[in-house]
Structure formats: structure tokens, C-alpha cells
Amino acid sequence: MALADVTDPAAVNKAIAEFDALGREVFLEKYGFRPAKDYFVVVDGALYDSKAIAGVAHLHQHGILMSADEFSGGNSTVANRLAKLGFKVTRPATSPNWSVDELMLALDLYLRTRGQIPYNVNAKIVTDLSAELRSLRVFPDHVRASPSFRNPNSVSLKLYNFSSIDPEHEGQGMSHGGAGDVRVWEAWAHRPSDLAQAVALIRARGESDDSPTDTGEIEEYEALEGQILFREHRRYERDRKLVDRKKKSVREKTGRLACEICDFDSLDVYGIEGVIDVHHIVPLHKIGESVTTLSDLVLVCPTCHRVLHKHRPIITPAELRSKRS
Ligand SMILES: [Zn+2]
Ligand SMILES: [Zn+2]
């Protein structure tokens, strides 16, 4: 028995029809196949696990099921065989991993449409999100120009990935999401209205041409809010006028410029005044249209500032101060 014996497109179509009739889970279980991760036959926008389809096509053509352990080649061999018979097959994308910003947009869509619709690759919400992600300035233009980048297949799969980590979702999803999917789920899924606000801000800023922040810094911190919101946070914190006003007001009140968390004062230690950052304490998605006031800012030394941004779950300056040993 060999995959090469599957030569009849009609046998493949029969397998697909049975998949449709039984539903994915029953079909896979009936024939003993595990859910596919990346390789799917695409028919009218619906996805079919390619190995299972090939094995069952063998049954329809030759009367014997080709079971999962009888496949000798890898998934790409299966994909090649089915492609030869005229079927469209998805392959793992060569695109970069999803950024946090992109995952937030996808999760927001998932939560708003949860349980209502299958994420068919032709569905308008899927093609719309695909187009939006392709225009979001998170990856360089040449990466986003690739036709496979965040195409409807990959968007559809991502939405199914979220359904697989959604405890309210019945039945299994397409495949288990990656660690990034889970982190974004844990950070945002329980507060959908915050996420919606954050996503609105990402949308508003994501196509702007603002000069990117130093990327090392973004990589270090992007885990929670994504690059676009982090960049925006930095923009507030580096607003010269605001920073100068804050320092002036603190100096007038306290006579010095010390870290509000650990009390480090560069003037005392090194004889140089003002080696200190300003941290914006209101989460960006909560700012909305309101204007930042001096009380939204705290003076923190660079070390405490890093800790504030790295701490998970998010922590306020007051909480961080109380944690110091
Ligand atoms: Zn400090
Ligand atoms: Zn900060």
C-alpha cells in the first residue's frame, strides 16, 4: 500500500464529502487520524486535514484504508500527491511568528465572534483581518509583501487556534496554539473591553510612520502590549515638555530628583543630577482622548523602570515599592 496509489480525484472528493457529512472530529476519530497542524486541503474555503483525506481516499479507490502509521513520507509528500490530483493544499507558512499586536487583533475578533461562525478562509471577517494585518506596520514592507504573509489561511488557522485554547469552546480546535497565543489569551481574554480599547489604539497608530523605537527594547518588552502600544507608551514618557514639567514640579516639592520606588538619587551617588526616567502609570488603552497630567507620571530610576515593565502580572509603582526587600 502506498500513497502513490491514490490517483483518482473522485476518491479524494468522496473522502471530503464524508468529512463534511460526519464533521471533522468524528471523521478523524473514525479513521484514526490526528488533527493536522499545517497541511490542509482547501475546498471552497473549508479546511480538511490532508493526511486523513489521503488515507480515506485510498479506501475509496482501493477498498483498503491507508491508516496513519502506513504513511512513510512526511506531510509534504501527502501535500504533493494531493496537489498533483488538482487539489489546493496549504503548507506551513514561512512568515515570521505572529507579533503580539497581531495576536491581539485576532483575539479581539475571536472574542467578538466567539461561537457564532466557522472561520472559513473565504469569510469576510477573515479576509478583512488578513488585509488589515498585511497593512499593519509591525513587520517591514518586504516581509508583508509576500503573498503568504497573514493570508486568509493563516488567519483562519489562528482563529481556530484560539478556539482550541478557549475553555468555553466545545470540541477541539484546529491545533493547539503556540506559547505566544496562550500568553496573549491569558493577558487579555478575561477583559475583552480593555482589549477592544487597546486594539482601537493599535489600529489608530499601526499605520503611522512614527520612527520605530530601538528594537532590542521592543523585543524585551513587547510580550504584554505589543510593539505599537509599547512605542506609544515610550512616546509619552519621552515627551520633553512633559518630562521637564514633571521634574521641575518634583524638584520644587522635594528638593531632589529621586526614584519614587527605591529612592536612588544620581546626584547623591554620582554627583550628576537627573539620571532618572519618567514612567506613565495609566495603561495606554485607558488613556483614550484624555490629556496626560503630571499625576499620571512617576519618577523612577532606570532599573526600577525596567522592573515595572517586565513584571508579570502588571504591577503599579506603589506595589513594586512594597515588594522591595
Ligand atoms: Zn529605583
Ligand atoms: Zn514606562
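Below is a short write-up of the structure. Everything quoted here is computed from the prediction, not taken from an experiment. (Residues numbered from 1 in each chain as written. Chains lettered and ligands numbered in written order. Predicted model: local features only at pLDDT ≥ 70, side-chain atom pairs only at ≥ 80, totals over all residues. Heavy atoms only, no water.)

Relative to each other, helix H8 (residues 152-165) and helix H9 (residues 179-188) sit at 65 degrees, their axes nearing to 10 Å. Pair H8 / H9 crosses with right-handed handedness. Judged by residue contacts, Lys158, Asn161, Phe162 and Ile165 of H8 engage Asp181, Val182 and Trp185 from H9. Split into classes, the residues belonging to the contact of H8 with H9 amount to 4 nonpolar, 1 polar and 2 charged. (Axes fitted to C-alpha atoms, helices over the stretch in contact; angles between N-to-C directions. Helix = DSSP H or I, 4+ residues; strand = E, 2+ residues; numbered from the N terminus. Left-handed = near helix turned anticlockwise from the far one by under 90°. Contact = heavy atoms within 4.5 Å. Nonpolar A, V, L, I, M, F, W, Y, C, P; charged D, E, K, R; others polar.)

Direction vectors running N to C along helix H5 (residues 100-113) and H8 enclose 65 degrees, while the axes themselves pass 10 Å from each other. Taken together, H5 and H8 sit at an angle that is classed as roughly perpendicular. Between H5 and H8 the crossing geometry is right-handed. Contact with H5, carried on its side by Leu103, Ala106, Leu107, Leu109 and Tyr110, involves Lys158, Leu159, Phe162 and Ser163 of H8 and no other residues of that element. For the contact of H5 with H8, the residue count by class is 7 nonpolar, 1 polar and 1 charged. (Parallel < 35°, antiparallel > 145°, perpendicular 65-115°, else oblique.)

Here we take up the sheet that holds strand E1 (residues 40-43). In space, the 3 strands of this open sheet follow the order E2-E1-E3, with antiparallel pairing throughout. The strands lining the two open edges of the sheet, one partner per strand, are strand E2 (46-49) and strand E3 (88-89). With 4 bridges joining them, E1 and E2 adopt antiparallel strand pairing. Following the sheet pairing, Phe40 is matched in E2 by Asp49. (Pairing = 2+ DSSP bridges.)

Here the focus is the coordination of the zinc ion (ligand 1). By definition of the ideal shapes, a tetrahedral metal site with four donors has angles of 109.5 degrees and an octahedral site with six donors has angles of 90 or 180 degrees. Within the first shell, the zinc ion (ligand 1) binds the protein through Cys259 (SG), Cys262 (SG), Cys301 (SG) and Cys304 (SG), at distances of 2.3 Å. In the primary structure, the donors to the zinc ion (ligand 1) are separated according to the pattern C-x2-C-x38-C-x2-C. Residue classification places Cys259 among the buried residues on the basis of a relative accessible area of 3%. (Donors = N, O, S within 2.8 Å, 3.2 Å for Na, K, Ca; no water. Buried < 20%, exposed > 50% of the residue type's maximum accessible area, 1.4 Å probe, protein only.)

In a regular helix each residue adds 1.5 Å, so 15 residues correspond to 21 Å; helix H12 (residues 240-254) covers 21 Å between its end C-alpha atoms and thus fits that length. Residues Leu242, Val243, Lys246, Lys247, Ser249 and Val250 constitute the buried set of H12. One side of H12 holds all its buried residues, which, seen down the axis, span an arc of 165 degrees. Seen from the buried face of H12, the exposed residues on the opposite side, beyond 90 degrees, are Arg240, Lys241, Lys248 and Glu252. (Expected span 1.5 Å × (residues − 1). Arc of directions from axis to C-beta.)

This brings us to the pattern of salt bridges. Per the counting criterion, the structure on display carries 16 salt bridges. Arg114 is the salt-bridge partner of Glu168, the closest N and O atoms lying 3.8 Å from each other. Of this pair, Glu168 sits in the loop between H8 and H9 while Arg114 sits in the loop between H5 and helix H6 (124-135), and the two are 54 residues apart along the sequence. On the basis of relative accessible area, Arg114 is assigned to the partly exposed category, the value being 29%. (Salt bridge = Lys/Arg side-chain N within 4 Å of Asp/Glu carboxyl O.)

The end-to-end C-alpha distance of H8, which contains 14 residues, comes to 20 Å, matching closely the 20 Å that a straight helix rising 1.5 Å per residue would cover. Of all 14 residues that make up H8, 12 are buried, and the element is covered over most of its length. All of the buried residues along H8 are Asn153, Ser154, Val155, Ser156, Leu157, Lys158, Leu159, Asn161, Phe162, Ser163, Ser164 and Ile165.

Attention now goes to the packing of aromatic side chains. Both the distance between ring centres and the angle between the ring planes are used here to describe each pair of aromatic rings. Inspection of the entire model under this criterion finds 11 aromatic pairs. Members of the aromatic cluster, joined through ring pairs, are Tyr110, Tyr119, Tyr160, Phe162 and Trp185. Directly above the ring of Trp188 sits Arg191, whose terminal nitrogen or CZ lies 4.2 Å from the centroid. (Phe/Tyr/Trp six-rings, centres within 6.5 Å; stacked < 30°, edge-to-face > 60°. Lys NZ or Arg CZ within 6 Å of the ring centre and 35° of its normal.)

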